[in-house]
Amino acid sequence: MTMRLSLAAALALIAASLAGCQASVATPEPAAGAVPRDPATIERGRALAIIGGCASCHTATGGKPYAGGVAISLPVGTLYSTNITPDKETGIGQWSEADFQRAMREGVARDGRRLYPAFPYDHFTHLQRDDVSALYAFLMSREPVHADSVAERLVFPFGIRPLLAAWDALYLHPAPWRSDPAQSAQWNRGAYLAEALAHCGACHTPRNLLLAEQSGRAYDGAESEGWDAPPLNGKASAPIPWSEEQLFNYLRRGTDDVHGSAAGPMADVVQELAQAPEDDVRAIAVYFASLMKNAGASAGAPSAANRLAGAKESSVGAAIFEGACAECHGTDSPRTLAGRPVLGLTTSVNARSPRNAIQVVLQGMQPAPGERGPYMPGYASILSDAQIAAVLAYVRERYTGRPAWSELADETGNIRRAQ
Amino acid sequence: MILLDVNGSQHQVDVPPATPLLYVLRGELALNGAKFGCGLGQCGACTVIVDGHAVFSCITPVGVLQGRKVRTIEGLGTPDNPGPVQRAFIAEQAAQCGYCIAGMVMRAQALLEAHPAPSDAEIRENMDPSLCRCGTHMRILRAVRRASGYLTGTAAPDAERASQ
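Residues numbered from 1 in each chain as written. Chains lettered and ligands numbered in written order. Predicted model: local features only at pLDDT ≥ 70, side-chain atom pairs only at ≥ 80, totals over all residues. Heavy atoms only, no water.

(A) The packing of helix H3 (residues 101–114) of chain B against helix H4 (residues 120–127) of chain B, seen in detail. All names here are of chain B. Relative orientation of the contacting elements H3 and H4 amounts to 130°, with a least axis distance of 10 Å. Viewed along their axes, H3 and H4 adopt a mutual orientation that is oblique. In the packing of H3 onto H4, the handedness of the crossing is right-handed. From H3, Met104, Arg107, Ala108 and Leu111 reach across to H4, where they touch Ile123, Asn126 and Met127. Of the residues assigned to the contact of H3 with H4, the class counts are 5 nonpolar, 1 polar and 1 charged. (Axes fitted to C-alpha atoms, helices over the stretch in contact; angles between N-to-C directions. Helix = DSSP H or I, 4+ residues; strand = E, 2+ residues; numbered from the N terminus. Parallel < 35°, antiparallel > 145°, perpendicular 65-115°, else oblique. Left-handed = near helix turned anticlockwise from the far one by under 90°. Contact = heavy atoms within 4.5 Å. Nonpolar A, V, L, I, M, F, W, Y, C, P; charged D, E, K, R; others polar.)

(B) A look at helix H18 (residues 408–417) of chain A. Residue and element names in this part refer to chain A. Taken residue by residue, H18 has Leu408, Thr412, Gly413 and Ile415 as its buried positions. With its buried residues spanning 165° around the axis, H18 presents them on a single face. Each element contacted by the buried residues of H18 is listed here: helix H16 (355–363) and helix H17 (385–399). (Buried < 20%, exposed > 50% of the residue type's maximum accessible area, 1.4 Å probe, protein only. Arc of directions from axis to C-beta.)

(C) Geometry of the interface of chain A and chain B. In this complex, chain A contributes 15 residues to the contact, which on the side of chain B involves 16 residues. It is A:Tyr375, A:Ser381 and A:Ile382 that lose the most area in chain A upon contact with chain B, and together they represent 40% of the buried surface on that side. In this structure, the connection of chain A to chain B is made through 0 salt bridges. Summed over the shared surface of chain A and chain B, the number is 4 residue pairs in polar contact (both at pLDDT 80 or more). Listed by contribution, the elements that provide at least two residues to the side of chain A that touches chain B are helix H13 (316–324) and helix H14 (326–329) of chain A. Here the element with the most residues in the side of chain A that touches chain B is H13(A); it accounts for 5 residues. The residue makeup of the side of chain A that touches chain B, split by class, is 9 nonpolar, 3 polar and 3 charged. (Buried area = accessible area lost by both parts, 1.4 Å probe. Salt bridge = Lys/Arg side-chain N within 4 Å of Asp/Glu carboxyl O. Polar contact = N/O pair within 3.5 Å; in protein donor to acceptor, adjacent residues only side chain to side chain.)

(D) Summary view of the sheet that holds strand S1 (residues 2–6) of chain B. All names here are of chain B. Spatial ordering of the open sheet is given by S2-S1-S5-S3-S4, a layout of 5 strands whose pairing is mixed. For this open sheet the edge positions go to strand S2 (9–13) and strand S4 (53–56), each flanked by a neighbour on one side alone. Here the average twist between neighbouring strands, direction ignored, is 40°. In the sheet, S1 pairs with S2 via 5 bridges, with the strands oriented antiparallel. Among the inter-strand pairings, Leu3 is bridged to a residue of S2, identified as Gln12. The strands that helix H1 (residues 21–28) touches are S1, S2, strand S3 (47–50) and strand S5 (69–71); relative to S1, the one it contacts most, it runs at about 80°. This element, H3, spans S3, S4 and S5 of the sheet and lies at about 30° to S3. (Pairing = 2+ DSSP bridges.)

(E) Seen up close, the environment of A:Phe156. Residues and elements named next belong to chain A. Looking at the secondary structure, you find Phe156 in the loop between strand S3 (153–154) and helix H7 (164–171). Residue classification places Phe156 among the exposed positions, given a relative accessible area of 71%. Sequence-wise, Phe156 and Leu197 are 41 residues apart; in three dimensions their C-alpha atoms are separated by 31 Å.

(F) Highlighting a nonpolar patch on the surface. Together, B:Tyr23, B:Phe36 and B:Tyr99 give the surface a local cluster of nonpolar side chains, amounting to about 300 Å² of exposed area. You can call B:Phe36 partly exposed: its relative accessible area is 37%. (Patch = residues over 30% accessible without salt bridge, like charges linked within 9 Å, V, L, I, M, F, W, Y side chains within 5 Å. Areas by Shrake-Rupley, 256 points an atom, 1.4 Å probe, with all protein chains shown as cover.)

(G) Summary view of the sheet that holds strand S1 (residues 71–74) of chain A. Residue and element names in this part refer to chain A. Sheet architecture is open: 3 strands sit in the order S1-S2-S3, paired in antiparallel fashion. In the strand order of this sheet, the two ends are held by S1 and S3, each with one partner. Note: S1 against strand S2 (residues 77–80), 4 bridges, orientation antiparallel. Bridge assignment links Ile72 to a residue of S2, and that residue is Leu79.

(H) Structural context of helix H5 (residues 137–152) of chain B. Residue and element names in this part refer to chain B. Between its terminal C-alpha atoms H5 stretches 23 Å, which fits the 22 Å expected from 16 residues at 1.5 Å a residue. Each element contacted by the buried residues of H5 is listed here: helix H2 (84–91), H3 and H4. Backbone geometry just after H5 places Gly153 at a positive phi near 75°. (Expected span 1.5 Å × (residues − 1).)

(I) Seen up close, the side chain of A:Gln101. All names here are of chain A. In this structure, Gln101 sits in helix H4 (residues 97–106). Exposure remark for Gln101: the relative accessible area of 3% places this residue in the buried category. In this structure the side chain of Gln101 is engaged in a polar contact, spanning 3.1 Å, whose partner is the backbone oxygen of Arg129. With residues up to four places along the chain from it excluded, the contact list for Gln101 reads Glu106, Arg129, Val132 and Ser133.

(J) Seen up close, the pattern of salt bridges. All names here are of chain A. In total, this model carries 21 salt bridges over all chains according to the counting rule given. Residues Arg355 and Glu223 are paired through a salt bridge, measuring 3.2 Å at the closest nitrogen-oxygen approach. Taken as a pair, Arg355 in helix H16 and Glu223 in strand S4 (residues 222–224) lie far apart in primary sequence, 132 residues in all. Take Arg355: its relative accessible area is 15%, and that puts it in the buried class. Bridged by salt links that share partners, the residues Arg217, Asp220 and Lys235 form one connected network.

(K) Molecular detail of the side chain of A:Arg105. Of note, A:Arg105 is situated in helix H4. Those residues in contact with A:Arg105 that lie beyond four places of it in its chain are A:Tyr121, A:Phe124, A:Thr125, A:Leu127, A:Gln128, A:Arg129, A:Val132 and A:Leu172.

Shown next, in the form of structure tokens:
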């Protein structure tokens, strides 16, 4: 992706940045009694941190909790999550609650540096003060870890932090959370958690050239880490619209009998949500079920039939399906362990892009910790790009009435190489 | 007719292309090392090597194997002249009922060909897809480590019984 800034736009950005520059402030270390230490507040912060998914960015695989160092790939380069343990030199050990509130709401660190909105402060800015206070209490109660931050590597001019003042001026809309009086308390709780804390839109809303979520396109779906984060509004492609109960099953247990299982980045999300307060997960399910309630009315919604007329049973793809897939996914398969829906009901098979279907075929699926299933073997070593293309073309035709996917073999090769 | 390259030999088999490789190995070629455990790609008893990768032969239709090289446990050695991984498994007496072992050996072979000196954590992670119901896991892990020693020259290439 190339960025061409006209001279006028560049000057405007610089002017805005200079106006928005924060002087470096060395706030004093928090006084001994200023960090909340009561167990109830810390526990509340812990539950909020689970829903906010802090660990998914701030805890590296095999790393110490919240010590940062996770690489976040953007179209404009790579940046690394920070150490948010209460270590005094390399973490937030010297941060007062006011510093923490400012970081969460304004995207400004204790030393005045602007934070990149890969840290979704454009969502956290809507959190209630006492929720942020509880998160502060929780993080300050974690084990301090000495781990230096890793510097970002971003193409010009995205590496210039003061320019983020301009981004904030355009895209940061700090506002206290407002409930919708026409909706139930549960819906409002779900909306608050999704918008202010769980930041679902950060993956599920498409972004513009400046990597901000596009207003007016909330939950239209977007690409994230090589997978498609599908639409969560009227454009959702699941043939049977998600009910509250089905969404709750999916978010809480990682799988639903009618829609299938969480995979890719969503598998990490549902692993976290498995430990969140159940009422909060239900509330989120209620919220998104309402956003998606008009979906499925799109053209070509297929039936839940196990085989539509027209799929060429003699094709190469059909033979691969029969030998490689049908034991679990075929018509009379008794494999109902952990609930396996007919393929035609899953979002990935019905989606406009084959990306998620390709990813699942290549990588398979692992069960969430503590769950028996679902487990699906990966086919990266068994099937070539052309063979995956053939079997997915067959599945698309056999199970959906939707237009055929194009460029399947090329797409498979690209995805395989990116892994 | 499907042409298969198995353990370096060419075989013509007259089976539908959807037929799983496991059935062809056992039913047509009398290569009975690989076993049917689940037929779903979930237990690893059927594991063989295709182009250097350990794969579940029960979910590999023979029609996809054009131009690819299949290796089974029979290709690693003979009872009189076992290969290094087989010798390591014998030395550690890693089999109880033996049903999982051909798959375990092939999975270990694929790992060691790519990484002759894996760490213990890497061995565990790599062997994870192959299940053992009798519980000889610790012996199997020792066997893989021993085989790694044979291949890197850090263990004596003997077939004597090792620690109990």
